[in-house]
Amino acid sequence: MSDAAAAHDHGHDDHHGAPAGWRRWVYSTNHKDIGTLYLVAAMVAVLIGGVFSFMIRLELQSPGLQYIEDLQFYNVLVTAHGFVMVFFFVMPALIGGFGNWFIPLMIGAPDMAFPRMNNISFWLLVVGLLLLLTSALVAGGAGTGWTVYPPLSNATFHSGAAVDFAILSLHVAGASSILGAINFITTIMNMRAPGMTYHRMPLFIWAMLVTAFLLLLALPVLAGALTMLLTDRNFGTTFFEASGGGDPIFWQHLFWFFGHPEVYIMIVPAFGVISHVVSTFSKKPVFGYLGMAYAMAAIGFIGFIVWAHHMFTVGFNVETRAYFVLATMVIAVPTGVKIFSWLATMWGGSIEFRTPMLYAMGFIFLFVVGGVTGITLANAGVDIAFHDTYFVIAHFHYVLSIAAAFGILSGFFYWFPKMCGKMYNESLGKIQFWLMFIGVNILFFPQHFSGMAGMPRRIPDYPEAYAGWNFVSSIGAYISFAASLLFFYIVIQTLRSGEKAPANPWGEGATTLEWQVPSPAPFHTHDQTPDMRPQPAE
Amino acid sequence: MVAVFAVGLFSSAGAMAQQPHPWQMNFQKAATPVMEEIIWFHNWLLVIEIAIVILVLALMLYIAIKFNAKANPVPSKTTHNAPLEVIWTVVPIIILVVIAVPSMKLLFFMDKAQDPEMTLKVIGNQWFWSYEYPDHGNFTFDANLTQKEDLPDDKKSLYLLEVDNHVVLPADTSIRLLFTANDVLHNWAIPSFGVKMDTVPGRINEAWIEVSSKHMGTYYGQCSELCGVNHGYMPIAVDIVSKAEFAAWVEKAKEEFARVDEPAVDVARIGARGTTAGR
Amino acid sequence: MSADPQIPKRRPAGNRATALSLAVFVAGMVGLAFAAEPLYRTFCQITGFGGTTRTAEAAPRGIADKLITVQFDANVNIQLPWRFRPVQSSVELKPGQEMLAFYEATNLSDKPIVGTAVFNVAPFKAGSYFNKIQCFCFTEQVLNPGESVVMPVTFFVDPDMVADANTADVSTITLSYTFYAADDQSKAARIQADRGAPSAASDSKS
């Protein structure tokens, strides 16, 4: 079933054999089409999640309650914003979207190892999103934060089906990702073209391999925890209920054991994208390839043993807190290797500052900003002052909403010509970058100040003193929203009237296999496995 | 009532109230040795972090100028430089070790058990805090948010910080805080004290503070763990007063506030070994 | 890129085997999540994590020469209509000395109810040195309407706590209990059935 290659032996690119109409999409077993479906779904999700955050910032623009009177609704907005962005925007865009599109292309495979399972993964994701939106609409919604801590999330304090729908949504989305991870790992391990050893794989493939292993190991723990919460809520178990000998803190351990690797699941694919973009536009191979590959593996591995830095104030032994401080700080080392390696890649290069490269450079700088506030938070002593304040919100939005999003946008502008066969308008692209860059910094940088001054998270209204920076932050949100709209305009404009894109629009720096196939990439590619073995003549 | 008494006391004494200020960019002023250490460590760490950010920015600006396609049409082929790779692995490790040392000191300093002279029990509820004074007659009271309309005009900035009953504590006294909750997770936090502790139903957490008489005044904090719809509406207010004022307040409070049930049985009759310490 | 007869054909069986081994990983991790519950409990027992105390058969020989204050704290869950309080607010003892203390619980409602208690000590680092020889934790306690019971706790503080540099500074330990309505109200239901009155089992649980 996976050998679509065996049957077709045309030797030239075309849509021969491609199904037509809605069946092409609903029943798709084609990695490119499924990748496109994921990207479209991610775009829908980012608009939904973005509208939620827009509403939050609108309310927080001034002290007092202006637009939202139902405070449960506010908590539901906060919760849904987090879930939608994490599970239905960032992950589908990077992993489902770029992963599906470019893993087979880059390794010389005709498709994924399990094309039908690939299809299931996508539609499970859609079901997951629908379940999440349903949860917001029933029984007052889940107002628990994306972290779903009991007792607030148990049946006593969230009676009704909303949290159950949210749990189901995450189960389904988790299943989608686990199946996807199995697919990706199998594909990467078994289907590389001959000659493409692990140490000759593109770094994006390394990034996806590490990410897939993180998914494989972390998501099942979330599934277990969610099941326990579901049975606590509905079947009388007491995993997290003190009355039955359980412990609400146990949930936190399980959730964050998943939750911390989850943030690396969101950023490691972006690391892969940045390596490709930086290398392409500097016209140089990535500096220190092995260091880069193993740094990603190290980050992934260490990411599994630092979870309790999210729990420094629950009350546990100082020795244990000390361990988690030190382990968390260790991650800075492989991360630093990557930052410096990217800079060293650019050093001596011949850099063209096209839109993908602007986003990649923005990523590098802003990820460092987010990363250093992470070092602050990692130190449990100081974290007492910052836990559950806007400082934490500033930190994770810098590394996710800015860095991961920039990684997505960088990859999008980079690969869009390959996916749709048309060139976007470069001037518009640059304008969009700068508008976004300005917007997100005005949006999130002041939140560091709010946090230092003591403003807590997840509140719909705040003491007057916090009004100043909140106002500035909201302006930044509106600018970012405008930048997002400009992005969608560029996408539509390109699809309608963009110039035809060559196989390789980026020049000598684009050296991976996807640039060898035409733009747009044909329905079937690599029907013949490319020979990547080093030739004696080379 | 007691709050009015406390506030009246302070306006005459001119003691400070520690609340956030508009456009504030740094921590609220420290009132405990723990918070002073936190502020010191944070500022020290920030210098290192800013240096790192500036370094990366400077390198990127240099690269943008020196290695753009116009300035450098022929890219180099360098992909390795072992000494450089060693440096940028080892130097961060050194920096992290340098950070870890004061960090551990701070962490263990905060954890050191003190010989507490009194205990305050803090209980989180949806959506207000209750307090018990087990060593002072075991009275208890709730602290509810003061609504905006009930605040005097010149104190509207205290909306979402002010409550009807302040916690009153003596200065220059080692105070043990015990935390628990009656329903869901809450978190009791006072920025100036450097205290932030989850209150977990079914268990007790512990922290300690000592505020010197140089820092007497009123301090505000807010619940710091999402606990339902009114999570943003259950703040905390603590008055640090002199020992004499505290003793006077305790007498008033014993009369005004309800008692947590007292131990009712005469211990001697049951034949416990050892001694019993006073209430 | 022409077809090279030397390039081996892909084998679907290889893919299936890989996928299966990965699926085993997944199952393993789910299993680990569920195994975490007993593992977590055991871990807490062994390390005194979170102020988890120990159970001992009898007090050790040897008494450390330091006076420790043990404070008694009591909490009742709002859904349990009981009064629950320590009989003595605190005691002073030396580590190694066996001590007997009491808590008193009273059912303030008009129906029999089964209660159960959870507990921990603070500071947490004292947890592994706090040993209970006999207590009423997790034992289901049935109280008839208006009935009171005095519940004993026999404990000692391990003298090693004074020798351990980490815990040498501890001079006050708080033992805290929280009473909940037990999930299993069958004992109360049986009492009610014997009397022929409606049971509390249906409305005492969340």
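Residues numbered from 1 in each chain as written. Chains lettered and ligands numbered in written order. Predicted model: local features only at pLDDT ≥ 70, side-chain atom pairs only at ≥ 80, totals over all residues. Heavy atoms only, no water.

Colleague: Any chance you could break down the side chain of A:Asp164 for me, citing the residues and the numbers?
Modeller: All names here are of chain A. Structurally, Asp164 is set in helix H6 (residues 162-190). Residue Asp164 is classed as buried on the basis of its relative accessible area, which comes to 14%. Separated by 2.7 Å, the side chains of Asp164 and Asn234 make a polar contact. For Asp164, the contacting residues outside a window of four places in its chain are Leu230, Arg233 and Asn234. (Helix = DSSP H or I, 4+ residues; strand = E, 2+ residues; numbered from the N terminus. Buried < 20%, exposed > 50% of the residue type's maximum accessible area, 1.4 Å probe, protein only. Polar contact = N/O pair within 3.5 Å; in protein donor to acceptor, adjacent residues only side chain to side chain. Contact = heavy atoms within 4.5 Å.)

Colleague: Lay out the sheet that holds strand E2 (residues 118-125) of chain B with the relevant residues and their values.
Modeller: All names here are of chain B. Within the open sheet, the 6 strands sit side by side as E9-E6-E2-E3-E4-E12. Their pairing is mixed. Only two strands of the sheet have a single neighbouring strand rather than two, namely strand E9 (205-209) and strand E12 (258-259). With 5 bridges joining them, strand E3 (residues 128-133) and strand E4 (residues 139-143) adopt antiparallel strand pairing. Bridging from a neighbouring strand, Trp129 pairs with Ala143 of E4. Sitting on the sheet, helix H4 (residues 243-256) touches E2, E3, E4 and E12, and the angle it makes with E4 is about 90°. (Pairing = 2+ DSSP bridges. Axes fitted to C-alpha atoms, helices over the stretch in contact; angles between N-to-C directions.)

Colleague: Now, about the pattern of salt bridges: what can you tell me, with residues and values included?
Modeller: Under the counting rule described, the total for this entry stands at 18 salt bridges over all chains. B:Lys254 is the salt-bridge partner of B:Glu251, the closest N and O atoms lying 3.9 Å from each other. Of this pair, B:Glu251 and B:Lys254 are both found in helix H4, 3 residues apart, which corresponds to roughly one turn of the helix. Since its relative accessible area comes to 44%, B:Glu251 is described here as partly exposed. Here C:Lys125 and C:Asp169 are joined by a salt bridge, their closest N and O atoms 3.4 Å apart. Of this pair, C:Lys125 sits in the loop between strand E6 (113-122) and strand E7 (130-134) while C:Asp169 sits in the loop between helix H2 (160-163) and strand E10 (172-181), placing them 44 residues apart in sequence. We note that C:Lys125, like C:Asp169, is buried. Sharing partners across several salt bridges, the network here consists of A:Lys283, A:Glu352, A:Arg354, A:Glu426 and A:Lys430. (Salt bridge = Lys/Arg side-chain N within 4 Å of Asp/Glu carboxyl O.)

Colleague: Please give an account of the packing of helix H12 (residues 355-378) of chain A against helix H14 (residues 390-420) of chain A that cites residues and values.
Modeller: Residues and elements named next belong to chain A. Relative orientation of the contacting elements H12 and H14 amounts to 160°, with a least axis distance of 8 Å. Here H12 is positioned roughly antiparallel relative to H14, judged by the angle of their axes. Crossing of H12 against H14: the hand is left-handed. Residues of the contact of H12 with H14, tallied by class, amount to 19 nonpolar, 10 polar and no charged. (Parallel < 35°, antiparallel > 145°, perpendicular 65-115°, else oblique. Left-handed = near helix turned anticlockwise from the far one by under 90°. Nonpolar A, V, L, I, M, F, W, Y, C, P; charged D, E, K, R; others polar.)

Colleague: Could you give an account of the interface of chain B and chain A, with specific residues and numbers?
Modeller: Accessible area lost on assembly of the parts is the figure often given for the size of an interface. Listed by partner, the interface residues are 85 residues for chain B and 88 residues for chain A. The contact between chain B and chain A buries some 7300 Å² in all, and 72% of this surface belongs to carbon and sulfur atoms. When the buried area of chain B at its contact with chain A is split by residue, B:Trp88, B:Lys196 and B:Leu226 rank highest and sum to 10% of it. At the junction of chain B with chain A, the criterion picks out 1 salt bridge. Here B:Asp111 makes a salt bridge to A:Arg321, at a shortest N to O gap of 3.6 Å. (Buried area = accessible area lost by both parts, 1.4 Å probe.)

Colleague: Talk me through the domain arrangement of chain B; I want residue IDs and the actual numbers.
Modeller: Residue and element names in this part refer to chain B. When the domains of chain B are assigned, the result is domain 1 (33-111) and domain 2 (118-261). With 8 residues of domain 1 in contact, the opposing surface of domain 2 contributes 7 residues. For the pair domain 1 and domain 2, the summed buried area comes to about 470 Å², and 60% of that belongs to carbon and sulfur atoms. At the boundary of domain 1 with domain 2, the tally comes to 0 salt bridges. Listing elements by their share of the side of domain 1 that touches domain 2, those giving two or more residues are helix H2 (33-66) and helix H3 (82-111). It is H2 that provides the largest number of residues to the side of domain 1 that touches domain 2, a total of 5 residues. (Domains from an automatic or database assignment.)

Colleague: Give a description of unusual backbone geometry that names residues and reports values.
Modeller: Residues A:Pro150 and A:Pro151 are joined by a peptide bond in cis, for which omega reads 0°. Examined against the element boundaries, A:Pro151 turns out to sit in the loop between helix H5 (115-137) and H6. For the bond running from C:Ala122 to C:Pro123, omega is -5°, close enough to zero to count as cis. Along the chain, C:Pro123 falls in the loop between E6 and E7. With a phi close to 50°, B:Asp172 is a non-glycine residue in the positive phi region. For B:Asp172, the location among the structural elements is in the loop between strand E5 (167-170) and strand E6 (175-181). On the basis of relative accessibility, which here comes to 33%, the residue B:Asp172 falls in the partly exposed class.

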